[in-house]
Amino acid sequence: MGTATEDAQGALRRMKEHFPGAHDKTFLDAACVGLAPIEAKRAIERFLDAAVACDARDASIHHIALDQARARAVHEGARLLDADVDEIALVESTTHGLNVIAAAIPFAPDENVVLCDLEFLQVAIPWLKLAQRGVIREVRMVHNRDGAVPVEAFAEQIDDRTRAVVVSSVQWTNGYAVDLDGLADVCRAHDALLVVDAIQQLGATRLSVAEVPADVVVAGGHKWLNAPFGCGLLFVRRSILPTLRMPSWGYLGLETPEGGWGRYFATPESTPVRIYDFPITAKSLEINGTANYPGAVGLGASLELINGVGIAAIEEHVLGLAGRLHEGLTRLGVHVVTRPEREARSGITTFEVSDRPDENEAFLSALLDERIYVALRYTSHVGGIRVSTHLYNDDADVDRLLHAVARLLPRAGRRRTPLPV
Ligand SMILES: Cc1ncc(COP(=O)(O)O)c(C=O)c1O
């Protein structure tokens, strides 16, 4: 029995109305790029109308009004994560957020960073570059165990010289949901930071920083958060903010001067060379010049839609669809790559119809011919045909995929798992 309120269930039943992109196809690839809701488009249109018209009394007031349009993304991001607004920065992408954090942590040359071999390449790159430059001693690799990366596997690599453990909360090729609670315990025991890439989770399943003691959470907006491109969230826990070395300084990160920026710029005695005291908030990690406001406006609208339904109800819906798919694929005798443990499930379910990647690729192509949007993804030999079930999907989408798999299977290569007799 579900626990989502009737309101939330009703909202989820009507969710396709918000996503025109889900009407003419079976869209099951939020792990690549999520569909954006009509609300995000309208919000950006309103922003652009204001940019075109400039109805304010002067251009400075106009600029400040456009600055303020970003605030919704920060507030809704904090609401989604159970964070404080001072702990949220807007970033361009996950890549941007990871690089900012890699530059901000004051590493010592004998320290190490731990990550696992299932990660998307970008999760590894910034830390490998630090090791190459001698900023840290090494990046230690946790090897997956048949697609799982349990806490024990991390614990074997973490020691008292581990400064950061970097992990995707949901792994991108097989949807493995890492035990962040358990990992946070091990990190705490060694005084290591827990840096979480949550781009494959945020917007689909619940991640509360009030409950999970991650130090950093970063997620681009364009996958499960349903935002158009160019803006994402970076959470940095208040307690670690004073320990960071801000990698850049931007004037919009300063407290607004008394009387506002318009007055400041009109003050003859103002001088650029003076002491600047920046507030110690996550916003100081932003570039803090005139930024990607349309991206932020789109993200704000998408987040509002998610928060309006409630992430607990969305999680129930997403995991329900993933469970239906997992069972359906198993019934068809298809090899389900995604781990069976329920606690490790996410919005991603991956399967293979053959041991041979080219045959899986041919199968993918046949699904795409039927306008069933899924993807082929591998890393470290883990992966296959990846299916993402999100808030705008329903049972009919999952069943359409399952029927297509059943129909196309006899034409596919060798099956990994024999059909049950
Ligand atoms: C786990 C993970 N991290 C990072 C990225 C890259 O995200 P962005 O384009 O927002 O930098 C991806 C993209 O697929 C991903 O799956």
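Residues numbered from 1 in each chain as written. Predicted model: local features only at pLDDT ≥ 70, side-chain atom pairs only at ≥ 80, totals over all residues.

**Overview of the sheet that holds strand 6 (residues 193-197)**
The seven strands lie next to each other as 2-8-7-6-5-3-4, forming an open sheet whose pairing is mixed. Here the strands that pair on one side only, and so sit at the sheet edges, are strand 2 (88-91) and strand 4 (138-142). Strand-to-strand twist of the sheet, defined as the mean angle between neighbouring strand axes without regard to direction, takes the value 20°. Packing of helix 5 (residues 94-104) onto the sheet brings it into contact with strand 2, strand 6, strand 7 (216-220) and strand 8 (232-236), and relative to strand 7 it is tilted by some 155°. Each of strand 3 (112-116), strand 4, strand 5 (162-168) and strand 6 is contacted by helix 6 (residues 121-132), which is oriented at about 140° to strand 4, the strand it contacts most. (Pairing = 2+ DSSP bridges. Helix = DSSP H or I, 4+ residues; strand = E, 2+ residues; numbered from the N terminus. Axes fitted to C-alpha atoms, helices over the stretch in contact; angles between N-to-C directions. Contact = placed C-beta atoms within 7 Å.)

**Quick word on unusual backbone geometry**
Positive phi, close to 60°, is recorded for arginine 371, a residue that is not glycine. Secondary-structure assignment places arginine 371 in the loop between helix 12 (357-369) and strand 11 (372-373). Positive phi outside glycine occurs at histidine 381, with the angle close to 65°. Along the polypeptide, histidine 381 turns up in the loop between strand 12 (375-379) and strand 13 (382-388).

**Here's the deal with the site of the ligand**
Close to the ligand lie 13 residues; Ser93, Thr94, Thr95, Phe120 and Gly220 are nearest. Mapped onto the shell around the ligand, the elements with two or more residues apiece are helix 5 and helix 6. Split into classes, the residues belonging to the shell around the ligand amount to four nonpolar, eight polar and one charged. (Near = placed C-beta within 6 Å. Nonpolar A, V, L, I, M, F, W, Y, C, P; charged D, E, K, R; others polar.)

**Regarding the pairing of strand 2**
Side chains on a regular strand alternate between the two faces of the sheet. Residues Ile88 and Leu90 line one face of strand 2 and the alternating positions Ala89 and Val91 line the opposite face, and both faces are buried. Pairing of strand 2 with strand 8, which is carried by four bridges, proceeds in the antiparallel orientation. From the neighbouring strand, leucine 90 faces strand 8, where its bridge partner is leucine 233. (Buried ≥ 20, exposed ≤ 12 C-beta atoms within 10 Å, placed from the backbone.)

**A few points about the packing of helix 11 (residues 311-331) against helix 13 (residues 395-408)**
Viewed as axis vectors pointing N to C, helix 11 and helix 13 meet at an angle of 20°, and their least axial separation amounts to 10 Å. Viewed along their axes, helix 11 and helix 13 adopt a mutual orientation that is roughly parallel. Of the two possible hands of crossing, helix 11 and helix 13 adopt the one that is right-handed. Here Leu321, Arg324, Leu325, Gly328 and Leu329 of helix 11 come into contact with helix 13, specifically with Asp395, Val398, Leu402 and Val405. (Parallel < 35°, antiparallel > 145°, perpendicular 65-115°, else oblique. Left-handed = near helix turned anticlockwise from the far one by under 90°.)

**Considering the sheet that holds strand 13**
What the four strands build is an open sheet, ordered 9-10-13-12; its pairing is antiparallel. Looking at which strands have only one partner, the edges of the open sheet turn out to be strand 9 (335-336) and strand 12. In terms of strand pairing, strand 9 meets strand 10 (residues 348-352) through two bridges, oriented antiparallel. Directly across from valine 336, in strand 10, lies its bridge partner phenylalanine 351. Across the face of the sheet, helix 12 comes into contact with strand 10, strand 12 and strand 13 while running at roughly 10° to strand 13.

**Overview of the packing of helix 2 (residues 38-53) against helix 10 (residues 293-309)**
At a minimum axis distance of 8 Å, the contact between helix 2 and helix 10 shows a crossing angle of 145°. Along this stretch, helix 2 crosses helix 10, giving a crossing that reads as right-handed. On helix 10, the residues that touch Glu39, Ala40, Ala43, Ile44, Phe47 and Leu48 of helix 2 are Tyr293, Pro294, Val297, Gly298, Gly300, Ala301, Ser302 and Leu305. Class assignment of the residues belonging to the contact of helix 2 with helix 10 gives a composition of ten nonpolar, three polar and one charged.

**Focus on helix 5**
Every α-helix winds through 3.6 residues per turn, so residues three or four apart in the chain are directed the same way. For helix 5, the full list of buried residues reads Thr94, His96, Gly97, Leu98, Val100, Ile101 and Ala102. Next to the buried residues of helix 5 lie strand 2, helix 6, strand 6, strand 7 and strand 8.

**Some thoughts on the domain arrangement of the protein chain**
You can read the domains of the protein chain as domain 1 (6-30 + 310-409) and domain 2 (43-306). Spacing between the C-alpha centres of domain 1 and domain 2 amounts to 28 Å. For the side of domain 1 that touches domain 2, the element with the highest residue contribution is helix 11, accounting for six residues. (Domains from an automatic or database assignment.)

**Let's talk about the pairing of strand 12**
Note that strand 12 and strand 13 share five bridges and pair antiparallel. Its bridge partner lying in strand 13, threonine 379 is registered against valine 382. Two successive antiparallel strands, strand 12 and strand 13, enclose a turn made up of two residues, where serine 380 displays a positive phi of approximately 45°.

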